Amino acid sequence: PCMAQNHPFFAEGEDPKPTDQQWKKIDHLSDEFDGSTLDTNKWSADPGAKGWGWIGRPPGLFQPENVRLQDGKMQVTVRKFDSPKVINGHEFLYGGAIVRSINPCQVGWYYECRMKANQTEMSSTFWLMTDDTTKERQELDIQECVGRLSKEAASWARGWDQIFHSNLIKTTKGQPGKVQIQGSIQTETKNWERYYVYGAWWKSPHEIRYYLDGKYAYSLKPPVPWDQPKYYQMAIETYDWNPVPEDGGLVASGTWEQRTTQYDWVRTWKLEADDAPISDR
């Protein structure tokens, strides 16, 4: 709907806002991707920027050059390297990317993107993460899927090419193990067949409500307060549980469209009192 600019994308009757409040867009965490280059006041495609150390999960390497803006979309195209790259003792065979927000996301806000997944064995994702300086790291995954299942995919991964899947993951530096809770529902089509709107309302430190195409899907309740500021992460990566085949699969042989995850927009909203002056809305 053309009104989607003024409030989050909700189906009729699904908007959870209190009657005395309105949604206000947070511009520095929203982007229609209409330009020709990534807005560096909002996003970074450099995996090492701002103290982030993660350059990808081998054999998938995050590379800024795989991200571009075109046709009003942010497009991330995966590829197989002509020859392996060895970095810090790890071998990388495939190029993906990660785009992170410069600005932090906070409790209480609503997060959404319109995304069409790539069709390959690699992922298409939309999530939030604390920065690398925090001892207790909290991850708030809104959407995580793959384009197609590898013959060697883990048995639990069946259906991950047609899924709305979310995680809350907590890890503590210097301590083994992690706490993870997750939710998922099946999407109407494979994730790459059309655009879906993936959304989450970080309602409180104790509840995150997830929405698919503007309809409530499920809630996750974290085991500890999910209250730390987090940053958007849009990562196209490889997984050991869905390994790219030795011949490179669709990462190597796919068309540009098959190999490309497309983000139509990212929008972030906060609630404010309905009596705010019109000029502030």
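The text that follows walks through the structure, step by step, so that each part is easy to find. Quick caveat, the model's predicted, so the values are computed rather than measured.

### Examining the overall build of the chain
- The secondary structure content of the chain amounts to 1 helix and 17 strands.
- The globule rule puts the C-alpha radius of gyration for 281 residues at 19 Å, and the 18 Å found for the chain is close to it.
- Taking the principal axes of its C-alpha atoms as reference, the chain extends roughly 60 × 45 × 35 Å.
- Expressed as a percentage of its 281 residues, the buried residues of the chain come to 52%.
- Considering only contacts in the chain between residues 6 or more positions apart, those separated by 24 or more positions represent 72%.

### Section: the side chain of threonine 268
- The topology assignment puts threonine 268 in strand S17 (residues 260-273).
- The class of threonine 268 is buried, set by a relative accessible area of 0%.

### Points about the packing of aromatic side chains
- Applying the stated criterion across every chain, the model contains 24 aromatic pairs.
- Plain terms: the ring middles of phenylalanine 10 and tyrosine 211 are 5.2 Å apart, the flat faces sit at 70° to each other, and that makes the pair edge-to-face. Of this pair, phenylalanine 10 sits in the segment before strand S1 (21-25) while tyrosine 211 sits in strand S14 (residues 207-212), and the two are 201 residues apart along the sequence.
- Owing to a relative accessible area of 14%, phenylalanine 10 belongs among the buried residues under this scheme.

### A closer look at the environment of leucine 271
- Along the chain, leucine 271 turns up in strand S17.
- When the C-alpha positions of leucine 271 and proline 16 are compared, they lie 11 Å apart, and in sequence the two are 255 residues distant.
- When residues no more than four places from it in sequence are discounted, the contact partners of leucine 271 are Lys17, Pro18, Gln21, Gln22, Trp23 and Trp201.

### Let's talk about unusual backbone geometry
- With an omega of 10°, the peptide bond running from proline 58 to proline 59 counts as cis.
- Here proline 59 shows up in the loop between strand S2 (43-44) and strand S3 (60-62).
- A positive phi angle is found at phenylalanine 33, which is not glycine, with a value near 55°.
- Its location among the elements puts phenylalanine 33 in the loop between S1 and S2.
- With relative accessibility at 0%, the residue phenylalanine 33 sits in the buried group.
- The phi dihedral of lysine 50 is positive, around 60°, even though this residue is not glycine.
- Along the chain, lysine 50 falls in the loop between S2 and S3.

Procedures and definitions
Residues numbered from 1 in each chain as written. Predicted model: local features only at pLDDT ≥ 70, side-chain atom pairs only at ≥ 80, totals over all residues. Heavy atoms only, no water. Helix = DSSP H or I, 4+ residues; strand = E, 2+ residues; numbered from the N terminus. Rg over C-alpha atoms; globule rule 2.2 N^0.38 Å. Buried < 20%, exposed > 50% of the residue type's maximum accessible area, 1.4 Å probe, protein only. Contact = heavy atoms within 4.5 Å. Phe/Tyr/Trp six-rings, centres within 6.5 Å; stacked < 30°, edge-to-face > 60°.

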